[in-house]
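One-letter residues, chain by chain:
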Amino acid sequence: MTKFKWLNQKMHKKTSFDAAFLSIISIATAPHVQAAEWNVEQARQLRQLSASSLEDALPVFSTAEFDRALAQGPGSELDAAATTLALRLARAHLLGTATDAQRIGWKIADTDRTTDLAGWLERARAGDGLATFFAALRPAHPDYAALRAAYARETDPDRKLALARNMERWRWLPRSLGTDYILVNTATFEARLWRGGKQTGTWRVIVGKTSTPTPVFAATVRGVNLNPWWNIPASIVREKRGRFPASQGYVYLGGQWRQKPGPNNALGQMKLVMPNPYSVYLHDTPSKQLFERDVRAFSHGCIRTGDALGFATTLLEGVKTRAEIDRIVQSRQSVVIDLPQPLPVYITYFTAAPGADGTVTIAPDIYRRDARVPAAPPSGETCGI
């Protein structure tokens, strides 16, 4: 996994992501300890960490009550105020600051919500690991690190706002996506495969039209369906008014319109087996010329994948060769091949993302979702506790 130095060198001297990750794992798995009262040095360090939250496009929370307690010195009041501030800052780093209403449409469950932050904080304080604790709560993905670095350098207010909103979106995902997964970004029309914590391939995709946007959700890919049948959704049957010519392979079976496997099939020659409540899949398409467009929002919600058979070959490495896959495709028989291991797939929406060269670009907000995402107030403003 790509290593990088935390921008705040004062608190994270030569600390890589891997080191921070290992540190928080050791903190999380350490035996329970009863933390001593907050001392003045720890409280002042917390004050600095709170002030530096703007580096992560987070609000600077009000410290008025904390400052009054700090002025009085160690004791129960400082313990209460410091713990309250520390946990609020930790939750912001780990889970974001958006309300449920602001997250409407984001259907990826954040498993970090069950984290025992209070316990982790106690163990971190007992080991003098307060700074590492907060650093390791940030999203672990290198895309977040790229956005954070770009945010620190950006001067244009509109671009800075876009970066902040997308940094917030990263906090809505599990902090770690694992080592092997597919990450689809519908805003930039691409799917990326990660194996062993490293990006191993990128494919162009076509996503839903603005009238039928691709949802944000997570699923598990269990296999590849070569020469798939297409079970036509009821919404498309209504749209087409039940007009499906037999010459294009359409049949009416079991009370449902379906399309036979073949070169004209709307799913093309490959579909990933990834059960989900939205009936949205990654699949091939006969309309390959559309992949040459810069803005590729043409589907009813599903994700059409460029070089679909190449993508399938990569996923089935060690199970089927490309020659074997081609022979199955030529047979026109519908065949499902299981992946060696189930693979998570995250269908996301990030309008700010790093490209192949690492440069962060801002993509058009095709689904007009950005305005719902909160961002930190301008530097110098604070949020009350």
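Residues numbered from 1 in each chain as written. Predicted model: local features only at pLDDT ≥ 70, side-chain atom pairs only at ≥ 80, totals over all residues. Heavy atoms only, no water.

What the protein chain contains, in helices and strands, is eleven helices and 17 strands. Across the 385 residues that make up the protein chain, the buried fraction comes to 51%. Sequence-distant contacts, at least 24 apart, represent 69% of the contacts inside the protein chain between residues at least 6 apart. As displayed, the protein chain has an accessible area near 18300 Å², and 51% of this comes from carbon and sulfur atoms. (Helix = DSSP H or I, 4+ residues; strand = E, 2+ residues; numbered from the N terminus. Buried < 20%, exposed > 50% of the residue type's maximum accessible area, 1.4 Å probe, protein only. Contact = heavy atoms within 4.5 Å. Areas by Shrake-Rupley, 256 points an atom, 1.4 Å probe, with all protein chains shown as cover.)

Attention shifts here to the packing of helix H2 (residues 40–51) against helix H4 (residues 76–95). Between H2 and H4, whose axes approach to 11 Å, the crossing angle comes to 30 degrees. With respect to each other, H2 and H4 are oriented roughly parallel. Relative to H4, H2 is oriented so that their crossing is left-handed. For the pair formed by H2 and H4, the contact residues are Ala 43, Leu 46, Leu 49 and Ser 50 on the first element and Leu 78, Ala 82, Leu 85, Ala 86 and Leu 89 on the second. The residue inventory of the contact of H2 with H4, partitioned by class, reads eight nonpolar, one polar and no charged. (Axes fitted to C-alpha atoms, helices over the stretch in contact; angles between N-to-C directions. Parallel < 35°, antiparallel > 145°, perpendicular 65-115°, else oblique. Left-handed = near helix turned anticlockwise from the far one by under 90°. Nonpolar A, V, L, I, M, F, W, Y, C, P; charged D, E, K, R; others polar.)

Tracing the backbone shows Arg 169 in helix H8 (residues 157–170). In this structure, Arg 169 is in contact with Trp 106, Tyr 349, Phe 350, Thr 351, Arg 369, Asp 370 and Val 373, ignoring residues within four places of it in sequence.

Along the chain, the position of Gly 310 falls in helix H10 (residues 308–315). Taking relative accessible area as the criterion, Gly 310 reaches 13% and is therefore assigned buried. Each C-alpha atom, one on Gly 310 and one on Arg 322, is 7.7 Å from the other, the two residues being twelve residues apart in sequence.

Attention shifts here to the sheet that holds strand S7 (residues 230–231). The antiparallel open sheet is built from three strands, whose spatial order is S7-S9-S8. Whereas interior strands pair on both sides, the edge strands pair on one side only; in this sheet they are S7 and strand S8 (250–253). (Pairing = 2+ DSSP bridges.)

Positive phi, close to 60 degrees, is recorded for Phe 189, a residue that is not glycine. Mapped onto the secondary structure, Phe 189 falls in the loop between strand S3 (181–185) and strand S4 (190–195).

This part covers the pairing of strand S5 (residues 198–208). Across six bridges, S4 lies against S5 in antiparallel orientation. Counterpart to Ala 191 in the pairing with S5 is Trp 203. Where S4 folds back on S5, the antiparallel hairpin that results is connected by two residues, among which Gly 196 adopts a positive phi of roughly 60 degrees. For S5 and strand S13 (residues 303–305), the ladder comprises two bridges, and the chain directions are antiparallel. Bridge pairing in S13 links Ile 206 to Arg 304. Sheet topology note: the S5/strand S12 (residues 297–299) ladder contains two bridges and is parallel. Bridge pairing links Gly 208 to Ser 299 in S12.

Right, let's talk about the pattern of salt bridges for a bit. Considering all chains together, one arrives at 13 salt bridges under this definition. For Arg 47, the salt bridge goes to Asp 67, with nearest N and O atoms at 2.9 Å. Of the two residues, Arg 47 is situated in helix H2 and Asp 67 in helix H3 (residues 64–72); the sequence distance between them amounts to 20 residues. With relative accessibility at 30%, the residue Arg 47 sits in the partly exposed group. Among the residues examined, Asp 67 registers a relative accessible area of 28% and is labelled partly exposed. One network of salt bridges, with partners in common, ties together Glu 55, Asp 56, Arg 138 and Arg 148. (Salt bridge = Lys/Arg side-chain N within 4 Å of Asp/Glu carboxyl O.)

Moving on, we come to the nonpolar core. Core analysis: the largest hydrophobic core is formed by 63 residues, its most contacted members being Ile 182, Leu 226, Met 270, Leu 272, Leu 282 and Val 345. Judged by nonpolar contacts, the second largest core, of 28 residues, contains Leu 49, Phe 61, Leu 89 and Ala 90. (Core = buried A, V, L, I, M, F, W, Y, C linked by side-chain atoms within 4.5 Å.)

A word on the packing of aromatic side chains. According to the stated counting rule, one finds twelve aromatic pairs in the structure shown. Through a chain of ring-to-ring contacts, three or more aromatic side chains come together here, namely Trp 106, Trp 170, Trp 172 and Phe 350. Stacked on the ring of Tyr 281, the Lys or Arg Lys 271 has its end atom at 4.3 Å from the ring centre. Across the ring face of Tyr 349, the terminal group of Arg 369 is positioned such that the distance to the ring centre comes to 4.8 Å. (Phe/Tyr/Trp six-rings, centres within 6.5 Å; stacked < 30°, edge-to-face > 60°. Lys NZ or Arg CZ within 6 Å of the ring centre and 35° of its normal.)

With that settled, consider the confidence of the model for the protein chain. Predicted confidence across the protein chain gives a mean pLDDT of 89, with 88% of residues reaching 70 or more. Confidence drops under pLDDT 50 across residues 1–21; counting only partners more than four residues distant or on other chains, this segment forms 40 contacts. (pLDDT = per-residue confidence, 0-100.)

A few words now on the environment of Val 373. Structurally, Val 373 is set in the loop between strand S16 (360–362) and strand S17 (382–383). Residue Val 373 is classed as buried on the basis of its relative accessible area of 4%. When the C-alpha positions of Val 373 and Ala 162 are compared, they lie 9.5 Å apart, and in sequence the two are 211 residues distant. For Val 373, the contacting residues outside a window of four places in its chain are Arg 165, Glu 168, Arg 169 and Trp 172.

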